[in-house]
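Each chain, letter by letter, is given below.
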Number of protein chains: 2
Amino acid sequence: MTTEQLVQQIRKKQSFLCIGLDTDLEKIPPHLLNSDDPIFEFNKSIIDATHHLCVAYKPNTAFYEAYGIKGWKALKKTITYLNKNYPEIFTIADAKRGDIGNTSTRYAKAFFEDLHFDSVTVAPYMGKDSVEPFLSFNDKHTILLALTSNEGAFDYQTKKTENKELYKQVLQTAMTYTNAENLMFVVGATKAEYLTEIRKIVPDNFLLVPGVGAQGGSLEEVCKYGMNKDVGLLINSSRGIIYASQEKNFDKEAAKKAKELQLQMKSALIAM
Amino acid sequence: MTTEQLVQQIRKKQSFLCIGLDTDLEKIPPHLLNSDDPIFEFNKSIIDATHHLCVAYKPNTAFYEAYGIKGWKALKKTITYLNKNYPEIFTIADAKRGDIGNTSTRYAKAFFEDLHFDSVTVAPYMGKDSVEPFLSFNDKHTILLALTSNEGAFDYQTKKTENKELYKQVLQTAMTYTNAENLMFVVGATKAEYLTEIRKIVPDNFLLVPGVGAQGGSLEEVCKYGMNKDVGLLINSSRGIIYASQEKNFDKEAAKKAKELQLQMKSALIAM
């Protein structure tokens, strides 16, 4: 999917919501546990109930890998279902991968060619030759970790490197990589006050913003400091939506939570 | 496996060789491609021919993920085969994972509990709460990226943060994490000259050293600057060993290459 197509979807749906499919067998409604593939059944129900309210889904691969081959099968079924039934949806493999050159190419193939995701999250620590292999795929997007939503972000990301905080160095250096137009960046909503500075370095790129809701980030603040002329934001909510209820009507309850966020986003878009 | 058991194996085998199982269908002997599971058949042959010459195997997960579910099945069969037939071998999932707290726990479970690896490589960018979940498993080891062997390492890792290069900051900060005794560190052999400085910060931890051979790192240099009283090194070679030949006797040719390295390691151990 191109960035232009993503922006069109945002305008059409009046939403820049991304729903995180962090599917945990201990948290999904118990009645699903008797099905052949509870992880996929849960995802399918959530997707069918919420696809009109969001523009992206983001399965975090950790949740699938924890279940081994069964988990990978459920991930593959989920992305295949999404691509077949809702091709207008932007898909994100939240995998936080990264390795040396030829090995990064393998990861890129895993997520872009085998699983057919539109994008994948990548860790920046190994630098240019670990990131560029992901960037070389047409109409695929590499979402680089910049400033993450967790406490540990203060260990290194906000430390000054050559008079500039590491996350700024990452943003600035990454924009010099070949095919940098395929870059998006992860910026945690819990650190919305940093967005002004971030927008000075990457005015045009999309930001994937986790941490709204359960982690305490504010949607208003993120929009205020992070929006650009093309909206430029994908705001993720996982637990707050998908675990809204453990009852049989869990999908409708999830849709209610998604609708609440979508309405807030609509207001933000009107106020733009 | 405990660190003491690993050190015992090193002394017994007179080897601190780790063989990287970066298995690529385009590089393995063509006669294997007709088998049901060429990736596993290749790994099995390499392992059977070289297990007495090395103390560790390190499959890089990228190579398996690139083949989708088929790849994950081959990875699972490989680790299961290793644990059943060669339980004295230290196993490393070279996965370079890392995420926020509860999600990192999922990755730890995937590699330590579902796949039963002894260790996993982890990226440090997200800091304390992304690393500590891995450290909380008994007799399991977290191998943190510090100074990697690739060119991109100079993008951030060697940049000064608060008057200290980032990789040093990573080493120093990580040693303050809970259960830091379960930490090992990745330090590329292509940067052997940094080892003296690294040993000042982490005198006792094991270092996993990739980049000897194909990437140009020197075994002698690594030993000279990196060894500690418990040896403290695992030196990895992947392509240089496993792709020594594409003929029917590829396993014997791989063993020859492994034997060359083992003999160099034996000399280094005698000279200690």
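Counting from 1, residues in each chain are numbered in the order their sequence is written. Throughout, the order in which chains and ligands are written sets their labels, letters from A for the former and numbers from 1 for the latter. Totals for whole chains, interfaces and linings use every residue, but because this is a predicted model, local features are given only for residues with pLDDT of at least 70 and side-chain atom pairs only at 80 or more, for both listing and counting. Computation of side-chain values: all heavy atoms of the structure, hydrogens and water removed.

Caption draft 1: Focus on unusual backbone geometry. Unlike most non-glycine residues, Q14 of chain A shows phi in positive territory, near 50°. Secondary structure follows DSSP: runs of H or I at least 4 residues long count as helices, runs of E at least 2 residues long count as strands, and numbering of each begins at the N terminus. Within the element layout of this structure, Q14 of chain A appears in the loop between α1 (3-13) and β1 (17-21). A positive phi angle is found at D139 of chain B, which is not glycine, with a value near 55°. With respect to the helices, strands and loops of the structure, D139 of chain B is situated in the loop between α6 (128-135) and β5 (141-147).

Caption draft 2: Region of interest: the UniProt feature "domain: Orotidine 5'-phosphate decarboxylase" (unreviewed entry) in chain A. When the UniProt feature table is mapped onto this chain numbering, "domain: Orotidine 5'-phosphate decarboxylase" (unreviewed entry) sits at residues 16-254 of chain A. End C-alpha to end C-alpha, residues 16-254 of chain A measures 17 Å, and it is 40% helix and 19% strand. UniProt positions are given in the numbering used here, feature names are shortened, and annotations may be inferred rather than shown by experiment.

Caption draft 3: Region of the structure containing the relation of the copies chain A and chain B. Residues below a pLDDT of 70 in either copy are left out; the C-alpha atoms of the rest, at least 70 in both, set the least-squares superposition of the copies. Note on the identical chains: chain A maps onto chain B by a rotation of 180° and an axial translation of 0.0 Å, with an RMSD of 0.0 Å. The operation mapping one copy onto its partner corresponds to a two-fold rotation axis. Identified as the residue of chain A closest to the rotation axis by C-alpha distance is T161 of chain A, at 2.0 Å. Taken as a fraction of all interface residues of chain A, those also at the interface in chain B reach 100%, which identifies the copy contact as same-surface. Residue contacts are counted whenever heavy atoms from the two residues lie within 4.5 Å of one another.

Caption draft 4: Looking closely at helix α12 (residues 250-271) of chain B. Residue and element names in this part refer to chain B. A helix's residues, less one, multiplied by 1.5 Å, set its expected span. Taking 1.5 Å as the rise per residue, α12 with 22 residues should run 32 Å; its terminal C-alpha atoms sit 32 Å apart, in good agreement. Taken as a whole, α12 has its buried residues at F250, D251, A254, A255, A258, L261, Q262, M265, A268 and L269. Axial view of α12: buried residues confined to an arc of 135°, hence all on one face. Across from the buried face of α12, at angles greater than 90 degrees, the exposed residues are K252, I270 and A271. Buried positions along α12 lie against α1 (3-13), β1 (17-21), α2 (38-50), α10 (219-226), β10 (233-237) and α11 (239-242). Remark: exposure states derive from per-residue accessible area (1.4 Å probe, protein chains only) relative to the maximum for the residue type, with buried under 20%, exposed over 50%, and partly exposed in between. Along the arc lie the directions from the helix axis toward the C-beta atoms.

Caption draft 5: Representation of empty space enclosed by the protein in the model. Buried and open spaces are told apart on a 1 Å grid over the protein atoms alone, a cavity being a set of points where a 1.4 Å probe fits but cannot get out and a pocket being an open set with protein on both sides within 12 Å along at least five of seven lines. Residues with an atom within 4 Å of a point are the lining residues. Grid points are joined across faces, edges and corners, and a volume is the space filled by probe spheres set on the points. Here the structure, examined in full by the defined rule, presents 3 cavities of 30 Å³ or more. Approximately 350 Å³ is the volume found for the largest cavity. I100 of chain A together with K58, P210, Q215 and N236 of chain B are the residues nearest the centre of the largest cavity, which is lined by 27 residues in total. Broken down by secondary-structure element, the contributors of at least two residues to the lining of the largest cavity are α5 (101-114) of chain A together with β3 (90-97), β10 and α11 of chain B.

Caption draft 6: Expanded view of the sheet that holds β5 of chain B. All names here are of chain B. Reading around the barrel, the 8 strands line up as β1-β2-β3-β4-β5-β8-β9-β10 and close back on themselves, with parallel pairing between neighbours. Within this sheet the neighbouring strands show an average axis-to-axis angle of 30°, counted without direction. Across 2 bridges, strand β8 (residues 183-187) lies against strand β9 (residues 207-209) in parallel orientation. Among the inter-strand pairings, F185 is bridged to a residue of β9, identified as L207. To obtain each axis, a line is fitted to C-alpha atoms, and for helices this fit is confined to the stretch in contact; angles are then taken between N-to-C directions over 0 to 180 degrees. Taken strand by strand, helix α5 (residues 101-114) contacts β3, β4 (119-122) and β5, and its axis lies near 155° from that of β3. Contacts between helix α8 (residues 166-174) and the sheet are confined to β5 and β8, with β5 contributing the most and set at about 155° to the helix. The pairing criterion is simple: DSSP has to find at least two bridges between the two strands.

Caption draft 7: Molecular detail of the packing of helix α4 (residues 68-85) of chain A against helix α4 (residues 68-85) of chain B. Here α4 of chain A crosses α4 of chain B at 170°, and the two axes come no closer than 10 Å. Judged by the angle between their axes, α4 of chain A and α4 of chain B are roughly antiparallel. Residues I69, W72, K73 and K76 of chain A of α4 of chain A lie in contact with α4 of chain B, whose contacting residues are I69, W72, K73 and K76 of chain B. Looking at the contact of α4 of chain A with α4 of chain B residue by residue, the class counts come to 4 nonpolar, no polar and 4 charged. When an angle is under 35 degrees it counts as roughly parallel; over 145 it counts as roughly antiparallel; between 65 and 115 it counts as roughly perpendicular; any other value is oblique. Side-chain classes follow a simple rule in which Ala, Val, Leu, Ile, Met, Phe, Trp, Tyr, Cys and Pro form the nonpolar group, Asp, Glu, Lys and Arg form the charged group, and the remainder, Gly included, forms the polar group.

Caption draft 8: Examining the pattern of salt bridges more closely. All names here are of chain B. Salt bridges are identified by distance alone: a Lys or Arg side-chain nitrogen within 4 Å of an Asp or Glu carboxyl oxygen. Summed over all chains, the structure comprises 32 salt bridges over all chains. The salt bridge partner of D94 is K58, with a shortest N-O separation of 2.8 Å. With D94 in strand β3 and K58 in strand β2 (residues 56-59), the pair connects residues that are 36 residues apart, well separated along the chain. Here the two residues D94 and K58 agree in accessibility, since each one is buried. Measuring nitrogen to oxygen at the nearest pair gives 2.6 Å for the salt bridge that ties E65 to R97. With E65 in helix α3 (residues 61-65) and R97 in strand β3, this pair connects stretches of sequence that are 32 residues apart. Assessed through its relative accessible area of 1%, E65 is described here as buried. R97 gets classed as buried once you look at its relative accessible area, which sits at 0%.

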